[in-house]
Amino acid sequence: MNPMKKIQERIAPELEEMNGIIAESLRTDNAMMNEIVKRYLAVKGKQIRPILVILSARMFGAVTQEVLYAGAALEMLHNASLIHDDVVDETSLRRGVETINARMGNHIAVLVGDYFVSNALAAGIRTGDVRVVSALSALGKELSLGEIDQICNARDHTFEESSYFSMIRQKTASLFMNCVRMGAELGGATEEEQDKLVKFAELLGLCFQIKDDIFDYYDDSAIGKPTGNDLREGKITLPLLHALGDAGEAASAPMKEVISEGRFTPENIEMLIGFAKEHGGIEYAYSRMREMQEKAMEILSELPECASRTAFEEIFEYIIKRQN
């Protein structure tokens, strides 16, 4: 059994109650919306983000109703961002299942995403803690700006690692950071303890996105999205960024020309993927993740030794090794 399943089993009662909150929050009198939501929630994914909320609260205190509502709010906001991303990226599959936009059209998908956002804020209010509501609103801004940065990087053909890391911090890591911040706050952690856990979560979130980007370079139906999907949209991720900077101008110039001119044909995508692999892009991405993992373990060693800390260590290793 993989580490995530073990962790899910250990906190199964809390996850079940939180998923009940999500289902109840999204229930409506509209038959179409109910059917769309039911179909969407049937494929839950790993639920790493609410798991982080629950584990963070457990590390410093108890998993209260407020913690579960915070986890539900973050999970709904996360799902709203995925639904909207699928519209923007014209994605047809997510987690191996047809997306809402592919099945129902963009108009319906945008409205469903908005519905998730509204209910995320409502769940945040149910915590009775203004810090949670404030964090949700700030997070919504960061997620949006992260996506805008990614679009700008693609349009401007930015080949700098610093721009890539800034973008994935906003787009992905910010959500991980807010998850542990909320859980730790509601669990009674000190400001110093919260800051340490947030730094750990930032590294975890960065690694999560890097591994997600690596999947784009391999053909595997288990991943649930087509190979080269990011490249097809002009998104240049860490493996290719490293290869472009490391291969030398003579080798990288033709690749940059293809990218700058937007000639993302199947043949050119295959060529770019091969170029990234040939020049050590995948190995480099893994080495960066391992560096971040080492820093993250140092941070965790300064926090209370408990089952949650062990779970955080296991989650980090799982994220680097995961297959989908």
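Refer to the structure printed above.
Attention in this report is confined to the structure presented alongside it. Given the structure is predicted, the values throughout are model-derived calculations rather than measurements. Here, residues in each chain are numbered from 1, in the same order as that chain's written sequence. At least 70 in pLDDT is required for a residue's local features to be given in this predicted model, at least 80 for side-chain atom pairs to be given and counted, and no such filter applies to totals for whole chains, interfaces and linings, which use all residues. Note that the side-chain values use all heavy atoms of the structure and ignore hydrogens as well as water.

A look at the overall build of the protein chain
Part 1: A run of H or I in DSSP becomes a helix once it reaches four residues, and a run of E becomes a strand once it reaches two; helices and strands are each numbered from the N terminus. Along the backbone of the protein chain there are 16 helices and two strands.
Part 2: Taken over C-alpha atoms, the radius of gyration comes to 20 Å for the protein chain, in line with the 20 Å a tight globule of 324 residues would show.
Part 3: Across its three principal directions, the C-alpha atoms of the protein chain cover 60 × 50 × 35 Å.
Part 4: For the protein chain, contacts bridging at least 24 residues in sequence account for 75% of all contacts bridging at least 6.
Part 5: The protein chains shown are the only cover counted for residues, whose accessible areas, like all others here, come from Shrake-Rupley with a 1.4 Å probe. As presented, the protein chain carries roughly 14500 Å² of accessible surface, and 51% of it is formed by carbon and sulfur atoms.
Part 6: Charge assignment in this entry is limited to Lys and Arg as positive and Asp and Glu as negative, and neither His nor the chain termini are counted. Charge placement uses NZ in Lys and CZ in Arg. For Asp and Glu, CG and CD serve respectively. For the protein chain, the separation between the mean place of its 35 positive charges and that of its 51 negative charges on side chains is 4 Å. We take the radius of gyration over the C-alpha atoms and set the globule estimate at 2.2 Å times the residue count to the 0.38 power. Contacts are assigned to residue pairs that have any heavy atoms within 4.5 Å of one another.

What about the pattern of salt bridges?
Part 1: Just to be clear on terms, a salt bridge is a Lys or Arg side-chain nitrogen sitting within 4 Å of an Asp or Glu carboxyl oxygen. With the rule as written, the count across this model stands at 24 salt bridges.
Part 2: Where Glu191 meets Arg181, a salt bridge forms, and the shortest distance between an N and an O atom there is 3.6 Å. Here the residue Glu191 occupies a position in helix α10 (residues 191-215), and Arg181 occupies one in helix α9 (residues 161-187), the gap between them amounting to 10 residues.
Part 3: Assessed through its relative accessible area of 52%, Glu191 is described here as exposed.
Part 4: The buried label applies to any residue whose accessible area, calculated with a 1.4 Å probe on protein chains only, is under 20% of its type's maximum; exposed applies above 50%, and partly exposed to all values in between. By relative accessible area, Arg181 is classed as partly exposed at 22%.
Part 5: Glu257 serves as the salt-bridge partner of Arg263, at 3.7 Å between the closest nitrogen and oxygen.
Part 6: Among the residues examined, Glu257 registers a relative accessible area of 42% and is labelled partly exposed.
Part 7: Via salt bridges that share partners, Glu142, Arg169, Lys199 and Glu202 belong to a single interconnected network.

A closer look at the nonpolar core
Part 1: Formed by 103 residues in total, the largest nonpolar core has its most connected members in Leu197, Ile210 and Leu240.
Part 2: A total of 13 residues in this core trace back to one element, the largest contributor, which is helix α5 (residues 65-89).
Part 3: Contacts of Leu197, omitting those with residues within four sequence positions, involve Ser56, Met59, Phe60, Val180, Ala184, Leu300, Leu303 and Phe312. The set of buried Ala, Val, Leu, Ile, Met, Phe, Trp, Tyr and Cys residues whose side-chain atoms join them within 4.5 Å is what this entry labels a nonpolar core.

Looking at the side chain of Arg309
Part 1: With respect to the helices, strands and loops of the structure, Arg309 is situated in helix α16 (residues 307-321).
Part 2: Beyond its immediate stretch of four places on either side in the chain, Arg309 contacts Met59, Leu300, Ser301, Leu303 and Pro304.

Some details on unusual backbone geometry
Part 1: Here the phi dihedral of Gln47 falls at roughly 55 degrees; this positive angle occurs in a residue that is not glycine.
Part 2: By the element assignment, Gln47 lies in the loop between α3 (31-41) and α4 (48-60).
Part 3: Judged by relative accessible area, Gln47 falls into the buried class, the value being 10%.
Part 4: You will see that Glu90, though not glycine, has its phi angle at about 55 degrees, which is positive.
Part 5: In this fold, Glu90 is placed in the loop between α5 and β1 (93-94).

Thoughts on helix α13 (residues 249-260)
Part 1: Here α13 has its buried residues at Ser252, Met255, Val258 and Ile259. For α13, the angular spread of buried residues about the axis comes to 115 degrees, placing them on one side. Away from the buried face of α13 by more than 90 degrees, exposed residues Glu249 and Ala250 are located.
Part 2: Contacts made by the buried residues of α13 are with α12 (238-246) and α14 (266-278).
Part 3: Following α13 by one or two positions, Gly262 has its phi on the positive side, about 65 degrees. Working definition: the arc comes from the directions between the helix axis and the C-beta atoms, pointing outward to the latter.

Quick look at the environment of Glu14
Part 1: Locating Glu14 in the fold gives a position in helix α2 (residues 12-26).
Part 2: The class of Glu14 is buried, set by a relative accessible area of 14%.
Part 3: The sequence separation of Glu14 and Ile259 amounts to 245 residues, and the corresponding C-alpha distance is 46 Å.
Part 4: Other than its neighbours up to four places away in sequence, Glu14 contacts Ile54, Arg58, Val63 and Leu68.
Part 5: Here a polar contact means two N or O atoms within 3.5 Å. Within protein one must be a hydrogen donor candidate and the other an acceptor candidate, and residues neighboring in sequence count only if both atoms are side-chain atoms. Separated by 2.6 Å, the side chains of Glu14 and Arg58 make a polar contact.

Things to note about empty space enclosed by the protein
Part 1: Put plainly, a pocket is an open set of points on a 1 Å grid over the protein atoms alone with protein on both sides within 12 Å along at least five of seven lines, a cavity is a set where a 1.4 Å probe fits but cannot get out, and a lining residue has an atom within 4 Å of a point. Grid points are joined across faces, edges and corners, and a volume is the space filled by probe spheres set on the points. Throughout the structure, instances matching the rule amount to one cavity of 30 Å³ or more.
Part 2: Roughly 120 Å³ of internal volume is contained in the largest cavity.
Part 3: Considering the residues around the largest cavity, the lining is formed by 14 residues, among which Asn153, Ala154, Thr158, Lys235 and Ile236 are closest to the centre.
Part 4: Breaking the lining of the largest cavity down by element, the ones donating at least two residues are α8 (130-156) and α9.

Things to note about the layout of surface pockets
Part 1: Put simply, the largest pocket is a space of about 1200 Å³.
Part 2: Around the largest pocket, the lining comprises 50 residues; the ones closest to its centre are His78, Leu82, Asp85, Arg94 and Asp212.
Part 3: Where the lining of the largest pocket is concerned, the elements lending two or more residues are α4, α5, β1, α8, α9, α10 and α11 (229-232).
Part 4: At 11 residues, α5 tops the list of elements feeding residues into the lining of the largest pocket.
Part 5: By the convention adopted, Pro, Cys, Tyr, Trp, Phe, Met, Ile, Leu, Val and Ala count as nonpolar, Lys, Arg, Asp and Glu as charged, and the other residues, Gly among them, as polar. By residue class, the composition of the lining of the largest pocket is 17 nonpolar, 15 polar and 18 charged.

Spatial relationships are all this shows, so hold off on functional conclusions.
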